[in-house]
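# Structural description and commentary
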Amino acid sequence: MDDTRQSVHGQWSGRWAFVFAATGSAVGLGNIWKFPYITGENGGGAFVLIYLACIAVIGIPIMMAEILLGRRGRGTPINTMRRLLREAGAHKAWQVVGWMGMLAGFLILSYYSVIAGWALAYVLRMGSGEFVDATPERVGELFAGLLASPGQLLFWHSLFMLMTMLVVARGVEQGLEKAVRFLMPALFVLLLIMVGYAMSMGAFSQAVDFLFSPDFSKITGTGVLIAMGHAFFTLSLGMGAIMIYGAYLPRHTSITQTSIMIAGADTLVALLAGLAIFPIVFANGLEPGAGPGLIFETLPIAFGHMPGGSLFGFLFFLLLVFAAWSSAISLIEPAVTWLVENRNMSRVRACVWAGLATWLLGIGTVLSFNYWSEIKLFGKTFFDLLDFLTANIMLPLGGLLIAIFVAWLLPRLSSQEELAMRSELAYHVWHGLVRYVTPLAVIIVFLNAIGVIG
Ligand code: PFF
């Protein structure tokens, strides 16, 4: 339709720049830190299967929907929605998708940065050889020591926020995006090495069994909700992050192909992380459901015993920091561009405000691991509550609204034009998934989790 409509923030140099940026957003702590620990907490195989199904039938179609909205609207999620709701003749209230997304990104980054801080701390710890020959007990103690120290947590959280806001202030296309092109494949190779090492340990088949033999008696309504929420979280969906990257997408890039590539790479990284971690868990008699500390309590055991382990461990956590970094910038990008577009701020000023607010809220997460660890609401600490609210409620809700908007309100011609699929059938499959399957699935999983059905 409007070929001249371009984002004021620039445009990707081409399809690969977009694929790398979006993969940079998708692959992060969600794959390597969160996927293994929630899989461990929710009993393994059945959870993994539900997660994979959610990626295929909800994640990929919603990713396509977000990219097409972004490219058509060419603005921040809020402004994109504002433009497109006119095109769709929809009510102004639909802007809420943009608002909620911006809020979700801000809330997620506040705790994401604290966890990325753990990874930063581990870069140093690995480099200093602290884990050489360490027993599982010692590794556990060292991690508990980090959590017990608000000062250390705050230091690393502050450093990570600073790193993030520096990149965002300079504009997303520069610097980090170029680095991600090399670092992401490097992370992938390192994960392969870890899986190779894990294979040489006794418990590999037990880990494969745990991850891939579904036992549905272990899954609860909440477990299904967590699997679905994680499909959104890991693909950066439901909050406009991918939408905003889509706003910089050149016209003739295939949305379908790029979405499949991004989701495929993301899923592969998560599964490799699982295959690297669970053999260590089982070989050392550790608890798969150990919670958010899982990778920090397991991987150092392997690094402490393998040849060249300190170097590999150092590199691994460094690459994990980069993966988290490229995700973090996409979490705050919607808020920053919104401040620039609507509050007339310079990019730097917008970064200072958004960064400060996020950093402040992050202190709540820092304290939830020590001083506030006993303060609970609905049985959850501050960190648990934020994580649950954003990943399992806000992101799926955002996805639900996006699905309804794209498949029920936006004229079919618009989505047909943006997707430009060669096969009529493929378009119908996508449209059917977004129109019926996604909304129904999200609603059923919500109702099931709160115990209304099932
Ligand atoms: N996808 C990122 C991860 O898996 O670590 C987290 C994330 C980034 C979620 C950006 C949402 C988002 F908009």
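Basis of the calculations
- Residues numbered from 1 in each chain as written.
- Predicted model: local features only at pLDDT ≥ 70, side-chain atom pairs only at ≥ 80, totals over all residues.
- Heavy atoms only, no water.
- Helix = DSSP H or I, 4+ residues; strand = E, 2+ residues; numbered from the N terminus.
- Rg over C-alpha atoms; globule rule 2.2 N^0.38 Å.
- Buried < 20%, exposed > 50% of the residue type's maximum accessible area, 1.4 Å probe, protein only.
- Areas by Shrake-Rupley, 256 points an atom, 1.4 Å probe, with all protein chains shown as cover.
- Near = heavy atom within 4 Å.
- Polar contact = N/O pair within 3.5 Å; in protein donor to acceptor, adjacent residues only side chain to side chain.
- Nonpolar A, V, L, I, M, F, W, Y, C, P; charged D, E, K, R; others polar.
- Core = buried A, V, L, I, M, F, W, Y, C linked by side-chain atoms within 4.5 Å.
- Expected span 1.5 Å × (residues − 1).
- pLDDT = per-residue confidence, 0-100.
- Contact = heavy atoms within 4.5 Å.
- Salt bridge = Lys/Arg side-chain N within 4 Å of Asp/Glu carboxyl O.
- Phe/Tyr/Trp six-rings, centres within 6.5 Å; stacked < 30°, edge-to-face > 60°.
- Lys NZ or Arg CZ within 6 Å of the ring centre and 35° of its normal.
- Patch = residues over 30% accessible without salt bridge, like charges linked within 9 Å, V, L, I, M, F, W, Y side chains within 5 Å.

## Examining the overall build of the protein chain
- For the protein chain, the helix and strand inventory stands at 18 helices and 0 strands.
- Computed over the C-alpha atoms, the radius of gyration of the protein chain is 21 Å, within 12% of the 22 Å expected from 2.2 N^0.38 for a compact globule of 454 residues.
- Counting only residues that meet the buried cut, the protein chain has 60% of its 454 residues in that class.
- Total accessible area on the protein chain is roughly 17000 Å²; 67% of this is exposed by carbon and sulfur atoms.

## Some words on unusual backbone geometry
- Notably, Ser 236 is not glycine yet its phi reads approximately 60°, a positive angle.
- Within the fold, Ser 236 resides in the loop between helix H10 (221–234) and helix H11 (241–246).
- In the Ramachandran plot, Phe 378 falls in the positive-phi region, its phi being about 50° despite a non-glycine side chain.
- Relative to the helices and strands, Phe 378 is located in the loop between helix H15 (347–368) and helix H16 (382–409).

## Some remarks on the site of the ligand
- Around the ligand there are 15 residues in total, and Ala 26, Gly 30, Tyr 112, Phe 233 and Met 239 lie nearest to it.
- Contact between the ligand and Ser 25: a nitrogen atom at 3.2 Å from a main-chain N or O atom of the residue.
- Interatomic distance of 2.7 Å between a backbone N/O atom of Gly 30 and an oxygen atom of the ligand.
- Secondary-structure elements contributing two or more residues to the shell around the ligand are helix H1 (15–26), helix H2 (29–41), H10 and helix H14 (309–342).
- Of the residues that constitute the shell around the ligand, the class distribution is 7 nonpolar, 8 polar and no charged.

## Quick word on the nonpolar core
- With 167 residues, the main nonpolar core has Trp 118, Phe 317 and Phe 405 as its most contacted residues.
- At 19 residues, helix H5 (residues 96–127) tops the list of elements feeding residues into this core.

## Here we look at helix H12 (residues 255–283)
- The end-to-end C-alpha separation of H12 is 43 Å, in line with the 42 Å expected for 29 residues at 1.5 Å each.
- The backbone nitrogen of Thr 256 lies 3.5 Å from a side-chain oxygen of the residue at the head of H12, namely Ser 254.

## Focus: helix H7 (residues 150–170)
- Across its 21 residues, H7 extends 30 Å between first and last C-alpha, which sits within 8% of the 30 Å expected from 1.5 Å per residue.
- Within H7, the full set of buried residues consists of Pro 150, Leu 153, Trp 156, His 157, Phe 160, Met 161, Met 163, Thr 164, Met 165, Val 167 and Val 168.
- One or two positions beyond H7, positive phi appears at Gly 171, with a value near 100°.

## Observations regarding the confidence of the model for the protein chain
- With 95% of its residues at a pLDDT of 70 or more, the protein chain has an overall mean of 91.
- Within the protein chain, the element-level pLDDT minimum falls on helix H8 (residues 176–199), averaging 85, and the maximum on H2, averaging 97.

## Some remarks on the environment of Trp 99
- Tracing the chain through its elements places Trp 99 in helix H5.
- Placed 328 residues apart in sequence, Trp 99 and Tyr 427 show a C-alpha to C-alpha distance of 29 Å.
- With sequence-adjacent residues up to four places away left out, Trp 99 is seen in contact with Ile 78 and Trp 338.

## Some points on the pattern of salt bridges
- Inspection of the entire model under this criterion finds 9 salt bridges.
- One salt bridge connects Glu 418 with Arg 71, and the closest N-O pair in it is separated by 2.8 Å. With a gap of 347 residues between them, Glu 418 in helix H17 (residues 412–419) and Arg 71 in helix H3 (residues 45–73) connect regions that are remote in the sequence.
- A single network of salt bridges, built from pairs that share partners, joins Arg 71, Arg 72, Glu 87, Arg 251, Glu 417 and Glu 418.

## Quick word on the side chain of Thr 438
- Locating Thr 438 in the fold gives a position in helix H18 (residues 424–449).
- Those residues within four positions of Thr 438 in sequence are excluded, and the remaining contacts are Val 57, Ile 58, Ile 62, Ala 403 and Leu 433.

## Points about the packing of aromatic side chains
- With the rule as written, the count across this model stands at 29 aromatic pairs.
- When the ring centre of Phe 233 is taken as origin, the NZ or CZ atom of Lys 34, which lies over that ring, is 4.3 Å away.
- A cation over an aromatic ring shows up here: Arg 435 above the ring of Trp 408, its NZ or CZ 3.6 Å from the ring centre.

## Concerning a nonpolar patch on the surface
- Residues Val 57, Trp 408, Tyr 436, Val 437, Leu 440 and Ile 444 make up a contiguous nonpolar surface patch of roughly 550 Å² in combined accessible area.
- At 4 residues, the largest contribution of residues to the nonpolar patch is made by H18.
- Position of Leu 440 relative to the elements: it lies in helix H18.

## A word on the environment of Leu 162
- Here Leu 162 is to be found in helix H7.
- Judged by its relative accessible area of 55%, Leu 162 falls in the exposed class.
- Between the C-alpha atoms of Leu 162 and Val 352, which are 190 residues apart in sequence, the distance is 9.6 Å.

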